Amino acid sequence: MNSDNQLMDTKRLETLVDGIFAIAMTLLVLSLAVPQLTPPVTDSALRAALVGLIPNLISMVVSFLLLSIFWKIHHKFFKQIEYINGTLLWINVIWLLFIVLVPFSETLTGDYGGTMTAHFVFNLNMMGIALLLFLNWHYASSHNFINENVDQKEIKITWRVNVAFVLIVIGAILLSFVIPDYASIIYLLTFVVENIVRKLS
């Protein structure tokens, strides 16, 4: 049997995911560099500089919360996924590549939030994360890696939640062409999407 197809325990992958999320979420704060002002520094100059950091702060908070949600989803997945093989491992590794890109796309949005391009790059980053989360669950469920105690209804609900996340990101991408400054508002739906899907299921 090809070694890539051998079943593996999920613990090492979960440890890697936790470590990378911790680093990515910490790096987000680098977009909030302390203003460098020419002496003598006045209160009004410092206040103006701090006000100028508000777009970066908003972008950082949104990204931090989104990463928290993605980490929670992944953690929930792997409470239900019993084994992985080489293919599922690489799906997760590529997914982590998009996770470590978030500090870059977040800083781009914070610095150039008035441009469509910056928001498009950020939302494209989110699309990669959402699509690979969907692929993660789809692959695991279709290859019987889900714990036998998880019922089919729960598997379908998780699948629908993943589809909903992809649709939210598509909505954000479309909004970035129309109202780039407010495109990220649609991500507020991520906090309630699971509850909505469960009520409709």
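Here the structure is a predicted model, which is why all the values come from computation and not from measurement.

Cut-offs used in this document
- Residues numbered from 1 in each chain as written.
- Predicted model: local features only at pLDDT ≥ 70, side-chain atom pairs only at ≥ 80, totals over all residues.
- Heavy atoms only, no water.
- Helix = DSSP H or I, 4+ residues; strand = E, 2+ residues; numbered from the N terminus.
- Buried < 20%, exposed > 50% of the residue type's maximum accessible area, 1.4 Å probe, protein only.
- Contact = heavy atoms within 4.5 Å.
- Salt bridge = Lys/Arg side-chain N within 4 Å of Asp/Glu carboxyl O.
- Axes fitted to C-alpha atoms, helices over the stretch in contact; angles between N-to-C directions.
- Parallel < 35°, antiparallel > 145°, perpendicular 65-115°, else oblique.
- Left-handed = near helix turned anticlockwise from the far one by under 90°.
- Nonpolar A, V, L, I, M, F, W, Y, C, P; charged D, E, K, R; others polar.
- Expected span 1.5 Å × (residues − 1).
- Polar contact = N/O pair within 3.5 Å; in protein donor to acceptor, adjacent residues only side chain to side chain.
- Phe/Tyr/Trp six-rings, centres within 6.5 Å; stacked < 30°, edge-to-face > 60°.
- Core = buried A, V, L, I, M, F, W, Y, C linked by side-chain atoms within 4.5 Å.
- Lys, Arg positive; Asp, Glu negative; His and termini not counted.
- UniProt positions renumbered as here; feature names shortened; annotations may be inferred.

Engineer: Looking at this model, I keep getting lost on the overall build of the protein chain. Mind explaining?
Structural biologist: Of the regular secondary structure elements, the protein chain holds eight helices and zero strands. If you list the helices and strands of the protein chain from N to C, you get α-α-α-α-α-α-α-α. Seen along its three principal axes, the alpha-carbon backbone of the protein chain occupies a region of about 70 × 35 × 25 Å. Counting every position in the protein chain, which comprises 201 residues, the buried fraction comes to 41%.

Engineer: So what exactly am I meant to see when it comes to the side chain of N162 here?
Structural biologist: Assignment of secondary structure puts N162 in helix α7 (residues 152–178). Those residues in contact with N162 that lie beyond four places of it in its chain are F77, L133, F134 and W137.

Engineer: Please explain the pattern of salt bridges as it appears in this structure.
Structural biologist: Side chains that carry opposite charge are capable of pairing whenever their charged atoms lie near each other. A full pass over the atoms with the stated rule returns four salt bridges. We note a salt bridge from R198 to E194, for which the minimum N-O separation is 3.2 Å. Pair noted here: R198 and E194 are both in helix α8 (residues 193–200), with a separation of four residues, about one helical turn. Each of K76, E154, E194 and R198 takes part in one network of salt bridges that share partners.

Engineer: Looking at this structure, I do not really get the packing of α7 against α8. What am I missing?
Structural biologist: When two helices pack together, their arrangement is captured by the angle between the axes and the distance separating the axes. Packing of α7 against α8 leaves a shortest axis separation of 9 Å and a crossing angle of 130 degrees. Between α7 and α8, the crossing angle belongs to the class labelled oblique. For the crossing formed where α7 meets α8, the hand is right-handed. For the pair formed by α7 and α8, the contact residues are E154, I157, R160, V161, A164, F165 and I168 on the first element and V193, E194, V197 and R198 on the second. Class assignment for the residues of the contact of α7 with α8 results in seven nonpolar, no polar and four charged.

Engineer: What is the right way to read the environment of R198 from this model?
Structural biologist: The class of R198 is partly exposed, set by a relative accessible area of 31%. For the pair R198 and V161, spaced 37 residues apart in sequence, the C-alpha separation works out to 8.7 Å. Residues within four places of R198 in sequence aside, it is in contact with K76, E154 and I157.

Engineer: Before we go on, may I ask you to explain helix α4 (residues 86–100) in this structure?
Structural biologist: For α4, built from 15 residues, the straight-helix expectation of 21 Å at 1.5 Å per residue is met to within 8% by its first-to-last C-alpha distance of 21 Å. Those residues of α4 that are buried lie in contact with α1 (11–27), α3 (54–80), α5 (102–111) and α6 (116–142). The N-capping residue of α4, defined by a side-chain oxygen 3.2 Å from the backbone nitrogen of T87, is N85.

Engineer: In this structure, what is going on with the packing of aromatic side chains? I would like to understand it.
Structural biologist: The geometry of an aromatic ring pair is captured by two quantities: the separation of the ring centres and the angle between the planes. Counting across every chain of the model gives seven aromatic pairs. Measuring from ring centre to ring centre gives 6.2 Å for Y139 and F145, while their planes differ by 55 degrees; the resulting arrangement is tilted. Owing to a relative accessible area of 13%, Y139 belongs among the buried residues under this scheme. Its relative accessible area of 7% is what places F145 among the buried residues.

Engineer: What is the right way to look at the nonpolar core in this model?
Structural biologist: Soluble globular proteins: nonpolar side chains tend toward being buried together. Judged by nonpolar contacts, the single largest core of 49 residues is most densely connected at F21, F70, I81, W95 and M126. Those elements that place two or more of their residues in this core are α1, α3, α4, α6, α7 and α8. In this view, F70 contacts F21, W95, M126, I129 and L133; residues no more than four positions away in its chain are not counted.

Engineer: Is there a simple way to think about the side chain of E106 in this case?
Structural biologist: Along the chain, E106 falls in helix α5. One buried charged residue, E106, remains without a salt bridge, the closest side chain of opposite sign being K72 at 23 Å. Leave out the neighbours within four places in its chain, and E106 touches L28, S31, N56, S59, M60, S63 and F122.

Engineer: Where do I start with the UniProt feature "transmembrane region" (unreviewed entry) in the protein chain in this structure?
Structural biologist: UniProt marks residues 16–34, 46–71, 83–104, 116–137 and 157–179 with the feature "transmembrane region" (unreviewed entry), using the numbering shown here. As annotated, residues 116–137 has a helix share of 100% and a strand share of 0%, and its two end C-alpha atoms lie 31 Å apart.

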